[in-house]
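A closer look at the structure
So the chains spell out like this:
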Amino acid sequence: LLPRQGHTADVIGDSLFVFGGFDLNHVLAHFSKLDILTGQWSEVAVGCPDSPAGRYKHSSVVYQDSILYCGGMVQAGGALSDECWLFNTTSFCWTQYPSLVEAVAGHTLTLAPPNRVLLFGGLTGVDTENYSDRLYTLYLLENHTTTTWELTTPIIPHSNHLRRYGHTTVLDSASRSLVVFGGIVPLPRIQKEKSSEVWVYNIAQNVWSLVKTTREVPGVVFHKAASLGRYMIVFGGSLQDDEEHGKCFSGEMFVFDMGCMEWTALPSAKQYQLATPRYGHAVAVYHGTLLVVGGFNGRSLSDVLLYSPPGEECATTPRRSCEDFQHCVRCGKRCKPVEKCRHRMSQCGVCYRLRHCTECTLW
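Residues numbered from 1 in each chain as written. Predicted model: local features only at pLDDT ≥ 70, side-chain atom pairs only at ≥ 80, totals over all residues. Heavy atoms only, no water.

**Looking at the sheet that holds strand β23 (residues 282-286)**
- In spatial order, the strands read β23-β24-β25; together these 3 strands make up an open sheet with antiparallel pairing. Two strands close off the open sheet at either side, each with one partner strand: β23 and β25 (300-307). Between one strand axis and the next, the sheet turns through 15 degrees on average, direction left out of account.
- Relative to strand β24 (residues 289-296), β23 is paired through 5 bridges, and the arrangement is antiparallel. Following the sheet pairing, valine 285 is matched in β24 by leucine 290. (Pairing = 2+ DSSP bridges. Helix = DSSP H or I, 4+ residues; strand = E, 2+ residues; numbered from the N terminus. Axes fitted to C-alpha atoms, helices over the stretch in contact; angles between N-to-C directions.)

Structure follows, in structure tokens:
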């Protein structure tokens, strides 16, 4: 694998597909595949003449046996793309899909099963006025056809703004919601800052809510997140909005419990800090294992790191440490999940973490 940052990584079957990126000199169009079982890399042999130009800071999402790629930068620090391309891993052919409403980079794509793709945020121009808070929807139909992209107009119950780029979005399957974390957000007088906010978008109710967490994590940008059961696992990123000052490369792992809407810890989490701090990397999930691919830490990287989280932590946590986990309680002589202990009540759940009581009625 060529060293790179700003690329995407997606798992289909036993293969990891890595597309695009930037190596500090060139915008890459390289399309590589890792056989996860053998650990062997190969270039993807495309079976059709059409293919997208190289790009970075684009986004991707897996749908059935295909990967949808949208947006990104097609020149170093320059032109943005409004293109969407679908790559079929059976036919090994590219198909160009309906263009985005606007060119964008540093956004996210998320699949809400069975076939709805949601695009959120990103950079649509060269300054902070072009940080987007828009949410677009595309429906993937049979025979690789689609609808066109449509702007969704959600309810935001209070005045906080959502404009950002370099953030992450994961799907919480239990509540059927999008969970958005971090990114660069604009401030008055052309300033910007890293964000530590967690926002939740309820798909069915079409409403955004800002989550009130009791535990704090630092603001971070150009990180990556993945959904693993009830957890959103956040890896790496930049802890500075100005990359020329301070601590640029994070090797930390943060864990957000989407069931309790709170930052928490997993056993031995500190042992799983990234061996090489980085940002601009990509992540994918393979049978419950997270794969971290490439990134940047002063030089472009080409490695692949694996993280396998432990099992049910309530059952394996000593009773004295039980309440380190938001959804675990001391129940008699054991540490148990809240829902399995009749003797305790816990302030655990979406409504308890929202900032306004009226928002609870929307969940």
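On we go from here.
**With respect to the packing of aromatic side chains**
- Scanning all chains against the criterion turns up 26 aromatic pairs.
- A ring pair is formed by phenylalanine 120 and tryptophan 208, whose centres lie 4.9 Å apart and whose planes are at 45 degrees; its orientation type is tilted. Placement of the pair is phenylalanine 120 in strand β10 (residues 116-120) and tryptophan 208 in strand β18 (residues 207-210), with a sequence separation of 88 residues. Side by side, phenylalanine 120 and tryptophan 208 carry an identical accessibility label, which is buried. (Phe/Tyr/Trp six-rings, centres within 6.5 Å; stacked < 30°, edge-to-face > 60°. Buried < 20%, exposed > 50% of the residue type's maximum accessible area, 1.4 Å probe, protein only.)

**Regarding the layout of surface pockets**
- Computed from the structure, the largest pocket encloses a volume of approximately 1200 Å³.
- Among the secondary structure elements, those contributing two or more residues to the lining of the largest pocket are β1 (8-12), β5 (59-63), β9 (108-112), β13 (168-172), β19 (224-228) and β23.
- Of the residues contributing to the lining of the largest pocket, the split by class is 21 nonpolar, 20 polar and 4 charged. (1 Å grid on protein atoms, 1.4 Å probe; cavity = no way out; pocket = protein on both sides within 12 Å on 5 of 7 lines; lining within 4 Å. Points joined across faces, edges and corners; volume = space filled by probe spheres on them. Nonpolar A, V, L, I, M, F, W, Y, C, P; charged D, E, K, R; others polar.)

**A closer look at the environment of alanine 45**
- With respect to the element layout, alanine 45 can be found in the loop between β4 (40-43) and β5.
- Alanine 45 sits in the exposed class, given a relative accessible area of 59%.
- When the C-alpha positions of alanine 45 and phenylalanine 92 are compared, they lie 7.2 Å apart, and in sequence the two are 47 residues distant.

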